[in-house]
Amino acid sequence: MKIDTIICGDCLEKLKEIPDNSIDMIFADPPYFMQTSGDLNRSDGTRFSGVSEDWDKFENLKNYDDFSCKWLSECRRILKPKGSIWVIGGFQNIYRLGYLMQEMGFWILNDVVWTKPNAPPNFTGTRLQNRHETLLWCSPKRGASYTFNYQTLKSINGGKQDSSVWDIGICIGPERLKDKDGHKLHATQKPEKLLYKVILASTKPGDI
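A quick note: this is a predicted structure, and the numbers were derived from the prediction, not measured. (Residues numbered from 1 in each chain as written. Predicted model: local features only at pLDDT ≥ 70, side-chain atom pairs only at ≥ 80, totals over all residues. Heavy atoms only, no water.)

Student: So what exactly am I meant to see when it comes to helix H2 (residues 61-78) here?
Tutor: Relative to the 26 Å expected for 18 residues at 1.5 Å per residue, H2 spans 26 Å between its end C-alpha atoms, a close match to the ideal helical length. Where H2 is buried, its residues contact helix H1 (11-14), strand E1 (23-28), strand E4 (79-89) and helix H3 (94-104). (Helix = DSSP H or I, 4+ residues; strand = E, 2+ residues; numbered from the N terminus. Expected span 1.5 Å × (residues − 1). Contact = heavy atoms within 4.5 Å.)

Student: Is there a simple way to explain the packing of aromatic side chains in this structure?
Tutor: One pair of aromatic rings is described through two measures. These are the centre distance and the angle between the planes. Summed over all chains, the structure comprises five aromatic pairs. Taking 5.5 Å as the distance between ring centres and 85 degrees as the angle between the ring planes, the aromatic pair formed by Trp137 and Tyr146 counts as edge-to-face. Look at Trp137 and Phe148: their rings are 5.5 Å apart centre to centre, the planes differ by 55 degrees, and that puts the pair in the tilted class. Taken together, the positions of Trp137 in strand E6 (residues 132-139) and Phe148 in the loop between E6 and helix H4 (150-155) put the pair 11 residues apart, joining distant regions of the chain. (Phe/Tyr/Trp six-rings, centres within 6.5 Å; stacked < 30°, edge-to-face > 60°.)

Student: Before we go on, may I ask you to explain the sheet that holds strand E7 (residues 165-167) in this structure?
Tutor: Across a sheet, strands are paired by hydrogen bonds formed along the backbone, either parallel or antiparallel in direction. Spatially, E1-E4-E6-E5-E7 is the arrangement adopted by the five strands of the open sheet, whose pairing is mixed. In this open sheet, the two strands that pair with only one neighbour each are E1 and E7. Here the strands of the sheet are splayed against their neighbours by 20 degrees on average, with no regard to which way each runs. Pairing between strand E5 (residues 107-115) and E6: eight bridges, direction antiparallel. Paired with Asp111 across the bridge in E6 is Leu136. (Pairing = 2+ DSSP bridges. Axes fitted to C-alpha atoms, helices over the stretch in contact; angles between N-to-C directions.)

Student: Where do I start with the packing of H2 against H3 in this structure?
Tutor: What describes two packed helices is the angle between their axes and the distance between those same axes. Two elements in contact, H2 and H3, have axes whose closest approach is 10 Å; the angle formed by their N-to-C orientations is 50 degrees. One way to sum up the angle between H2 and H3 is to call them oblique. Seen along the crossing, H2 lies across H3 with a hand that is right-handed. In contact with Leu61, Tyr64, Asp65, Ser68, Cys69, Trp71, Leu72, Ser73 and Arg76 of H2, H3 contributes Arg96, Leu97, Leu100, Met101 and Met104. By residue class, the composition of the contact of H2 with H3 is nine nonpolar, two polar and three charged. (Parallel < 35°, antiparallel > 145°, perpendicular 65-115°, else oblique. Left-handed = near helix turned anticlockwise from the far one by under 90°. Nonpolar A, V, L, I, M, F, W, Y, C, P; charged D, E, K, R; others polar.)

Student: Please explain the side chain of Ser22 as it appears in this structure.
Tutor: Turning to its location among the elements, Ser22 is positioned in the loop between H1 and E1. For Ser22, the side chain forms a polar contact with the main-chain oxygen of Pro19, separated by 2.7 Å. Excluding its chain neighbours within four sequence positions, the residues that come into contact with Ser22 are Met1, Ile78, Lys80 and Ile208. (Polar contact = N/O pair within 3.5 Å; in protein donor to acceptor, adjacent residues only side chain to side chain.)

Student: Where do I start with unusual backbone geometry in this structure?
Tutor: Negative phi is the rule for most residues except glycine; trans is the rule for most peptide bonds. Although it is not a glycine, Asp4 adopts a positive phi angle of roughly 55 degrees. Mapped onto the fold, Asp4 is located in the segment before H1. Look at Asn21: it is not a glycine, yet its phi comes out positive at around 50 degrees. Counting through the fold element by element, Asn21 comes out in the loop between H1 and E1. The class for Asn21 is partly exposed, based on a relative accessible area of 46%. (Buried < 20%, exposed > 50% of the residue type's maximum accessible area, 1.4 Å probe, protein only.)

Everything listed here is a matter of coordinates, which is why it stays silent on function.
Below, the structure is given as structure tokens:
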């Protein structure tokens, strides 16, 4: 299997090309199925660019669940017995994904709350500001061994045991990838610091 390679394409098709039991750690950032409609405007009247791409649109919840079961099943197939998977989501989808994963036999090790100190406000003032997302860290089954670099996380946390609440800002400034016209390339780009911590916590050098 090739390493240090970016595979571009439909995940439902590309995952099928990966051998069984070959991946040590998976980070999945699936569509959230936001189910938003209409325009969101800031207090100054300018339009807020949320998630409007076709990849986040599904006919209904059953259609979303069917899609989720397909990619989760492939992830389960390619994951090594001692591997682990992280799945990130918001309130719109994370509870559904957690249920589906438990039904498939995944064992939830932690649900990590990613809090965002610089999250956008609730522009309509009709709900609480949504300042967090959830990451489900799971092993393939209950009782399976997995990599957890406890001491590493403790050392970068000032010598204290790390917790399941991670305070990391969203992508802004030079980290936010944009096209030639200055528009963001991906609506839900995750910060490198978040991915770095996931990789640091649950992999060893040389892992795939």
